[in-house]
Amino acid sequence: MGKKKKPFLGMPAPLGYVPGLGRGATGFTTRSDIGPARDANDPVDDRHAPPGKRTVGDQMKKNEEDEEDLNDTNYDEFNGYAGSLFSSGPYEKDDEEADAIYAALDKRMDERRKERRELREKDEIEKYRMERPKIQQQFSDLKRKLAEVSEEDWLSIPEVGDARNKRQRNPRHEKLTPMPDSFFSKHLQSGDKNTTVDPLQGLGGLNTPYPGSMTPGTGELDMRKIGQARNTLMDMRLSQVSDSVSGQTVVDPKGYLTDLNSMIPTHGGDISDIKKARLLLKSVRETNPHHPPAWIASARLEEVTGKLQVARNLIMKGTEMCPKSEDMWLEAARLQPGDTAKAVVAQAVRHLPGSVRIYIRAAELETDGRAKKRVLRKALENVSKSVRLWKTAVELEEPEDARIMLSRAVECCPTSVELWLALARLETYENARRVLNKARENIPTDRHIWITAAKLEEANGNTQMVEKIIDRAITSLGANGVEINREQWIQDAEECDKAGSVATCQAVIRAVIGIGIEEEDCKHTWMEDSESCVSHGALECARAIYAHALQVFPSKKSVWLRAAYFEKNHGTRESLEALLQRAVAHCPKAEVLWLMGAKSKWMANDVPAARSILALAFQANPNSEEIWLAAVKLESENNEYERARRLLSKARSSAPTARVFMKSVKLEWVLGNIEAAHELCSEALKHYEDFPKLWMMRGQIEEQSENNDKARDAYNQGLKKCPHSMSLWVLLSRLEERVGQLTRARAILEKARLKNPQTPEIWLESVRLEFRAGLKNISHTLMAKALQECANSGILWAEAVFLESRPQRKTKSVDALKKCEHDPHVLLAVAKLFWSERKISKAREWFLRTVKIEPDLGDAWALFYKFELQHGTEEQQEEVRKRCENAEPRHGELWCAESKHVLNWQKKIGEILTQVAAKIKNTF
């Protein structure tokens, strides 16, 4: 039965029909159908063709570049087309010149805007850094806190959880025990091979993986030979260590490890670098065998790498090639051991009989003093002009022999100043003068000979000649063309001062102090010179400079004051008083000089002399407030109260000032005459109502009498007249706090802050008020606001440090030091912080820094004294006490609370220091 014929057979294919496309069987194209397998646009494989004719792709790229893009999207209404319309044209010389001019203009314009652009970029970078700080900046405070973590805290930090199993976390280390050689030899002799089954062996245990001749363990292993070889190797190392440059032949067991460390090459490179250097130096030696540095470098290379014998051989060969090289012989002597080095030096002397360095080295190699003298004398026979040889030889001789040798030395070396001066020191007075005269004839240009001559005359009591010698020295040196260097002469004067030659020192200062200085710069320069001399410890030089300055400027008050302070700090009481007598004669209107003189007499318990000085001061300055008050203080301190009252009464009539009235009130108050003090205060306030201290005293007198309402009225009236007096605001606030009106006290301080913005004292009292009330959170908030408003206030930062908890204090102190680096309150807070951490040496260092930067701060002295009472010796405590008495501090919160108390008005500085220190409780 025939199959039914498909209807589409014999019909033409439809349009676009591709056989097999529906089932994915598309037709395949062969190489013969399309020709060579390369597109017409593919690059031709002529990679070595000349440029421009290399490939079709290059030609196409060139054509694309030649065609200008004149599309509308590439057109700008102002600039035109983005490309060059004439790029296809020829590039001629005038085009090149035009381009150069335009480039120069662009460069000039860019330079003009460069500074502004760089500043803008810098500001943008800083702004970006502030907005997006680095990770390390964000965690900087936490990183600083890591310094506070102790070793125990660090070790107690829990480890990160480990995801591994127990066996991986805690691996059991395989325990191996070293076996003696006898064990192995015994088993070898008994025929035992091994005690474990080799994994390469089959399961049946009959087939071995090794051929018969390769079975391990069948050969002979002599352990005795291995031990002998090991001992031989150790002997070689020991012998290598023992053979050193110094001739050591016995190994020091203690220094053995050190010697082994010294054998480690200290060069910076590896083995290949050493080989390269060795080859390079060998090439240099062969190219130029008479070049000493090549031989020395080669020997040092071998020495560094531990090949000492090779280095010695090389250097000795070098001495044969370069027998006239001094460095070569010295290097050979250094590398050779003791006796050999002497032989090398002897050989060097034969080749170089005039070498000073070789003779010095020969003397150094000798261990016996006589042998050294013999070598040096032999050297001086050959090289008699060497100053170094003479000096070395003289140092080994006794004084008498040295004098004889020096007399010969100055004949051989007449231009050596050192030899002449050494001879003069060993001679008698008359002979020394002759020696120095000869020295001046031979060396007319050296100042040291003249200065030594002046010191010689001074030492023998002939001080009137000192000035003449120094003047002749300046004249003679100038005549010989020597420039008088002022700084050098002042240094010589300082050396004379330290040597005890005071007259010579003063004569030198007087002779050279004015050389090379303009007249208008004299005063300033001389004051700097005197301070420099004081810092160098040359007090007589400073005194001579002040004396000369006072002769030139007798009416300058500032010079007299500096000289007086110098005598006060470094001189005696007699010298200070003598200077002040001259000072007030030249400057009678300088009140401070009169007062210093009177105080000096008073401190020496010479009250009548102090009175007479103040009487003379009254004649020179009839209405001086300072002198009136000094006279009152003198009388009141010496219990002459009626005299003090009369003086104050005269002062109020002849020189009425607010301070005079204040002292009058204070005198009556401390003497217990409250009514008289009240009347005087009321009278004073009629004339000087804008003087805040009078209002304070009135309020405090009322407080002492327990009249709180009157005290409040006094403070309020004072604040109306003196709204900018911080102390008045604080006193009123504390009064309200004392009577229990905390809200009113807070309101007073807020009002004070409104009337006196950016006032650290008011902010500090506000913070302390809240802290005393137990509101620590509010005190912290107020402190943050205070530091925003007064960012550079030292007292606020010092308080902020101790407001923090203990772990945070160090970080806060670092921030405080950044803001107020030289503020005494911050430095004091840091000292207290170290004290609280029991870091004694650091605390003492910071206390010293504080009292040095601000000696007027009494609180610093009191805390320092308290610190020394707890941790210092009696000498340290006494030193702090003396320094405090000399500084005479007047300020400080704790200090003023004691020193201005009515019961302590007659107490000395030392007594107040003790009282303040006793009241300090180091609970910080």
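Definitions and limits used
Think of each chain on its own: its residues are numbered from 1, step by step along the sequence as written. The predicted origin of the model limits local features to residues at a pLDDT of at least 70 and limits the giving and counting of side-chain atom pairs to 80 or more, whereas totals for whole chains, interfaces and linings rest on all residues. Only hydrogens and water are set aside when side-chain values are computed; all heavy atoms of the structure are taken into account. Think of it this way: any DSSP run of H or I at least four residues long counts as a helix, any run of E at least two long counts as a strand, and we number them from the N terminus. Buried, partly exposed and exposed residues are distinguished by accessible area as a fraction of the type maximum, computed with a 1.4 Å probe on protein chains only: under 20%, between the cut-offs, and over 50%, respectively. Each accessible area is a Shrake-Rupley result for a 1.4 Å probe, and residues are judged covered by the shown protein chains and nothing else. Patch membership is restricted to residues that have no salt bridge and whose relative accessible area is over 30%. Joining uses 9 Å for like charges and 5 Å for the nonpolar side chains Val, Leu, Ile, Met, Phe, Trp and Tyr. Think of a salt bridge as a Lys or Arg side-chain nitrogen and an Asp or Glu carboxyl oxygen that are within 4 Å of each other. Nonpolar core, defined: a set of buried Ala, Val, Leu, Ile, Met, Phe, Trp, Tyr and Cys residues in which side-chain atoms within 4.5 Å join the residues together. Here, residues are in contact when the closest pair of their heavy atoms is within 4.5 Å. In summary, the pairing rule links any two rings of Phe, Tyr or Trp, Trp by its six-membered ring, whose centres are within 6.5 Å, and it sorts them by plane angle into stacked for under 30 degrees, edge-to-face for over 60 and tilted for everything else. The axes used here are C-alpha line fits, helices contributing only the stretch in contact, and every angle between their N-to-C directions lies in the interval 0 to 180 degrees. Geometric relationships in this document are graded by angle, where less than 35 degrees denotes roughly parallel, more than 145 denotes roughly antiparallel, 65 to 115 denotes roughly perpendicular, and other angles denote oblique. Left-handed describes a crossing whose near helix is turned anticlockwise from the far helix through less than a right angle; right-handed describes the clockwise counterpart. For this classification, Asp, Glu, Lys and Arg are treated as charged, while Ala, Val, Leu, Ile, Met, Phe, Trp, Tyr, Cys and Pro are nonpolar and the rest, including Gly, are polar. Between the first and last residue of a helix there are one fewer steps than residues, each counted as 1.5 Å, and that sum is the expected span. When the sulfur atoms of two cysteines come within 2.5 Å, that pair is taken as a disulfide. When charges are counted, neither His nor the chain ends are considered; positive counts come from Lys and Arg and negative counts from Asp and Glu. Working definition for charges: the position is that of NZ of Lys, CZ of Arg, CG of Asp or CD of Glu. The quantity called pLDDT is the predictor's confidence in a given residue, expressed from 0 to 100. To obtain the arc, one takes the directions from the helix axis to the C-beta atoms.

1. What to know about the overall build of the protein chain
Logical step 1: Per the secondary structure count, the protein chain includes 49 helices and 2 strands.
Logical step 2: In the protein chain, which comprises 924 residues, the share counted as buried stands at 34%.
Logical step 3: For the protein chain, the exposed surface amounts to about 59,400 Å²; the carbon and sulfur share of it is 52%.

2. A look at a nonpolar patch on the surface
Logical step 1: Side chains of Leu-146, Val-149, Trp-154, Leu-155 and Ile-157 sit close together on the surface and give an oily, nonpolar patch of about 520 Å² of accessible area.
Logical step 2: Relative to the elements of secondary structure, Val-149 occurs in the loop between α5 (140-145) and α6 (151-155).
Logical step 3: You can call Val-149 partly exposed: its relative accessible area is 33%.

3. Some details on the nonpolar core
Logical step 1: In terms of nonpolar packing, the biggest core is built from 128 residues, with Leu-389, Trp-390, Trp-489, Ile-509, Trp-526 and Leu-593 touching the most fellow members.
Logical step 2: Contact partners of Leu-593, with chain neighbours within four places excluded, come to Trp-560, Leu-561, Leu-580, Ala-583, Val-584 and Cys-587.
Logical step 3: Counting residues in each nonpolar core, the second largest holds 35 residues, with Leu-694, Ala-711, Leu-719 and Leu-749 among its members.

4. Some details on the packing of aromatic side chains
Logical step 1: Scanning the entire structure with this criterion turns up 9 aromatic pairs.
Logical step 2: Ring geometry for Trp-526 versus Phe-553: centroids 6.0 Å apart, planes at 55°, classification tilted. Of this pair, Trp-526 sits in helix α26 (residues 522-535) while Phe-553 sits in the loop between α27 (539-552) and α28 (557-570), placing them 27 residues apart in sequence. You'll find Trp-526 and Phe-553 in the same group, each marked buried.
Logical step 3: Each ring, one from Phe-661 and one from Tyr-688, has its centre 5.8 Å from the other, and the planes form 55°; the classification is tilted.

5. What about unusual backbone geometry?
Logical step 1: Of note in this structure, Glu-706 is not a glycine but carries a positive phi near 65°.
Logical step 2: For Glu-706, the position within the fold is in the loop between α36 (692-704) and α37 (708-721).
Logical step 3: Phi at Arg-838 takes a positive value of approximately 60°, unusual for a residue other than glycine.
Logical step 4: Residue position: Arg-838 is located in the loop between α44 (824-836) and α45 (840-853).

6. Observations regarding the packing of α36 against helix α38 (residues 726-738)
Logical step 1: Between α36 and α38, the shortest axis-to-axis distance is 10 Å and the interhelical angle comes to 15°. By the angle between their axes, α36 is roughly parallel relative to α38. Here the hand of the crossing between α36 and α38 comes out left-handed. Contacts from Pro-692, Trp-695, Met-696, Gln-700 and Glu-703 in α36 reach Ser-727, Leu-728, Leu-731, Leu-735 and Arg-738 in α38.
Logical step 2: Of the residues belonging to the contact of α36 with α38, the class tally is 6 nonpolar, 2 polar and 2 charged.

7. Quick word on α27
Logical step 1: For α27, with 14 residues, the first-to-last C-alpha span of 20 Å sits near the 20 Å given by 1.5 Å per residue.
Logical step 2: Taken together, the buried positions of α27 are occupied by Glu-540, Cys-541, Ala-542, Ala-544, Ile-545, Tyr-546, His-548, Ala-549 and Leu-550.
Logical step 3: Tucked into the core, α27 has its buried residues touching α24 (486-499), α25 (502-512), α26, α28 and α29 (573-586).

8. With respect to the environment of Arg-472
Logical step 1: Position of Arg-472 relative to the elements: it lies in helix α23 (residues 464-479).
Logical step 2: For the pair formed by Arg-472 and Trp-450, sequence separation is 22 residues and the distance between their alpha carbons is 8.6 Å.

9. A few points about the pattern of salt bridges
Logical step 1: Taken as a whole, this structure holds 44 salt bridges when the rule is applied.
Logical step 2: As a salt-bridge pair, Glu-577 and Lys-601 come within 3.0 Å of each other at their nearest N and O atoms. With Glu-577 in helix α29 and Lys-601 in helix α30 (residues 591-603), this pair connects stretches of sequence that are 24 residues apart.
Logical step 3: Linked by salt bridges that have partners in common, Arg-734, Glu-737, Glu-765, Arg-768, Arg-772, Glu-799 and Glu-893 make up one network.

10. Side note on the side chain of Ser-530
Logical step 1: The residue Ser-530 is located in helix α26 in this model.
Logical step 2: For Ser-530, a relative accessible area of 0% gives the class buried.
Logical step 3: The residues contacting Ser-530, other than those within four sequence positions of it, are Ala-542, Ile-545 and Tyr-546.

11. Observations concerning the state of the cysteines
Logical step 1: If you walk through the whole model with that rule in mind, you get 0 disulfides.
Logical step 2: Cysteine Cys-496 shares no disulfide, and the gap to the nearest cysteine sulfur, in Cys-505, comes to 6.8 Å.

12. Focus: the packing of helix α39 (residues 742-755) against helix α40 (residues 760-772)
To describe two helices that pack against each other, one gives the angle between their axes and the distance between the axes.
Logical step 1: Orientation of α39 relative to α40, taken along the N-to-C sense of each, is 160°, at an axis distance of 9 Å. What the angle tells us is that α39 and α40 run roughly antiparallel. Viewed along their axes, α39 and α40 form a crossing whose handedness is left-handed. Together, Leu-742, Ala-745, Arg-746, Leu-749, Ala-752 and Arg-753 of α39 and Ile-762, Trp-763, Glu-765, Ser-766, Leu-769 and Glu-770 of α40 make up the contact between the two elements.
Logical step 2: Of the residues in the contact of α39 with α40, the class split is 7 nonpolar, 1 polar and 4 charged.

13. Considering a negative patch on the surface
Logical step 1: Negative charge collects at one region of the surface, where Glu-92, Asp-94, Glu-96, Glu-97 and Asp-99 lie side by side.
Logical step 2: With respect to the helices and strands, Glu-92 occurs in the loop between β2 (80-81) and α3 (93-131).

14. Points about a positive patch on the surface
Logical step 1: There is a patch of like positive charges on the surface, built from Lys-633, Lys-663, Lys-693, Arg-890, Lys-900 and Lys-908.
Logical step 2: Along the polypeptide, Lys-908 turns up in the loop between α48 (893-899) and α49 (909-919).

15. Some points on the confidence of the model for the protein chain
Low-pLDDT stretches of the model should not have their predicted coordinates read in fine detail.
Logical step 1: For the protein chain, the mean per-residue pLDDT works out to 79, and 82% of the residues sit at or above 70.
Logical step 2: Predicted confidence for residues 197-219 stays below pLDDT 50, and this span has 12 contacts to residues more than four positions away or in other chains.
Logical step 3: Note on residues 244-251: pLDDT under 50 across the span, and 18 contacts to partners over four residues away in sequence or across chains.

16. As for the side chain of Ser-501
Logical step 1: Tracing the sequence through the fold places Ser-501 in the loop between α24 and α25.
Logical step 2: With residues up to four places along the chain from it excluded, the contact list for Ser-501 reads Lys-455, Glu-458 and Cys-496.

17. Describing the environment of Met-316
Logical step 1: Topologically, Met-316 is positioned in helix α13 (residues 308-321).
Logical step 2: Among the residues examined, Met-316 registers a relative accessible area of 23% and is labelled partly exposed.
Logical step 3: In this structure, the C-alpha to C-alpha distance between Met-316 and Val-344, residues 28 residues apart in sequence, is 8.9 Å.
Logical step 4: Residues in contact with Met-316, not counting those within four places in the same chain, are Ala-332, Gln-336 and Val-344.

18. Considering helix α18 (residues 387-395)
Logical step 1: For α18, the complete set of buried residues consists of Leu-389, Trp-390, Ala-393 and Val-394. The arc enclosing the buried residues of α18, seen along the axis, measures out at 130°, which places them on a common side.

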